[in-house]
Amino acid sequence: MSLRVTALILIAMSAHSTPATHHIDELAWFAGSWATDRGATHIEEFWTRPAGGTMIGLGRSVRDNKTVSFEFLRIEERTDGIYYVAQPQGRPPVDFRLDATDTHSAIFINPGHADHLKRIVYRRNADGTLTARIEGADNGKSFVAEYMYKAYR
């Protein structure tokens, strides 16, 4: 077999084995302002539309007229995928790689995160609400929390 034919076969094989890549524009469906109440705590999330390979987000929880927690967020397109980057309370960033997405949901994972969040799921519901679900472990005990957000202006 000639070198040229071998090269063409290798190129064709690599094209079929390349995983599908995602683009940040696929996540535009959860851009906006979102809010929910959990007991006495009011929680807000704000997301910019995709531009320049990023979406910028901010989360805030308020109870008794005081901010009790905040989080700097971003989603960024990198050469090896799309990442959800969380900085709760302004701490160092933690990356969650986009694992799967469709027209109304996205799953971000960080299986190597030893003892806290391992999975973040966003889903846009048929009624226009947004569900955010976090899954992880604290001190070896698994937990799941879901937040149902409504559009907030």
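Higher on the page you've got the structure.
Description of the structure in this document.

Conventions adopted
- Residues numbered from 1 in each chain as written.
- Predicted model: local features only at pLDDT ≥ 70, side-chain atom pairs only at ≥ 80, totals over all residues.
- Heavy atoms only, no water.
- Helix = DSSP H or I, 4+ residues; strand = E, 2+ residues; numbered from the N terminus.
- Buried < 20%, exposed > 50% of the residue type's maximum accessible area, 1.4 Å probe, protein only.
- Contact = heavy atoms within 4.5 Å.
- Areas by Shrake-Rupley, 256 points an atom, 1.4 Å probe, with all protein chains shown as cover.
- Salt bridge = Lys/Arg side-chain N within 4 Å of Asp/Glu carboxyl O.

What to know about the overall build of the protein chain
Now for step 1: Counting secondary structure elements, the protein chain contains 1 helix and 10 strands.
Now for step 2: When the elements of the protein chain are put in sequence order from the N terminus, they spell out α-β-β-β-β-β-β-β-β-β-β.
Now for step 3: The burial tally for the protein chain puts 33% of its 153 residues in the buried class.
Now for step 4: Pairs at least 24 residues apart make up 27% of the contacts formed inside the protein chain by residues separated by at least 6 positions.
Now for step 5: For the protein chain, the accessible area works out to roughly 9,600 Å², and carbon and sulfur atoms hold 56% of it.

Considerations on the pattern of salt bridges
Any two side chains of opposite charge can pair, so long as their charged atoms come close to each other.
Now for step 1: By the definition in use, this model includes 7 salt bridges.
Now for step 2: Glu44 serves as the salt-bridge partner of Arg60, at 2.6 Å between the closest nitrogen and oxygen. In this pair, Arg60 sits in strand 3 (residues 54-63) while Glu44 sits in strand 2 (residues 41-47), placing the two residues 16 residues apart along the sequence.
Now for step 3: Among the ionic pairs, Arg133 bridges to Glu135, the shortest N-O distance being 2.6 Å.
Now for step 4: Note on Arg133: relative accessible area 27%, which makes it partly exposed.
Now for step 5: Salt bridges linked by common partners bring Arg74, Glu76, Arg78 and Asp95 together as one network.

Shape is all these values report; function is a separate question.
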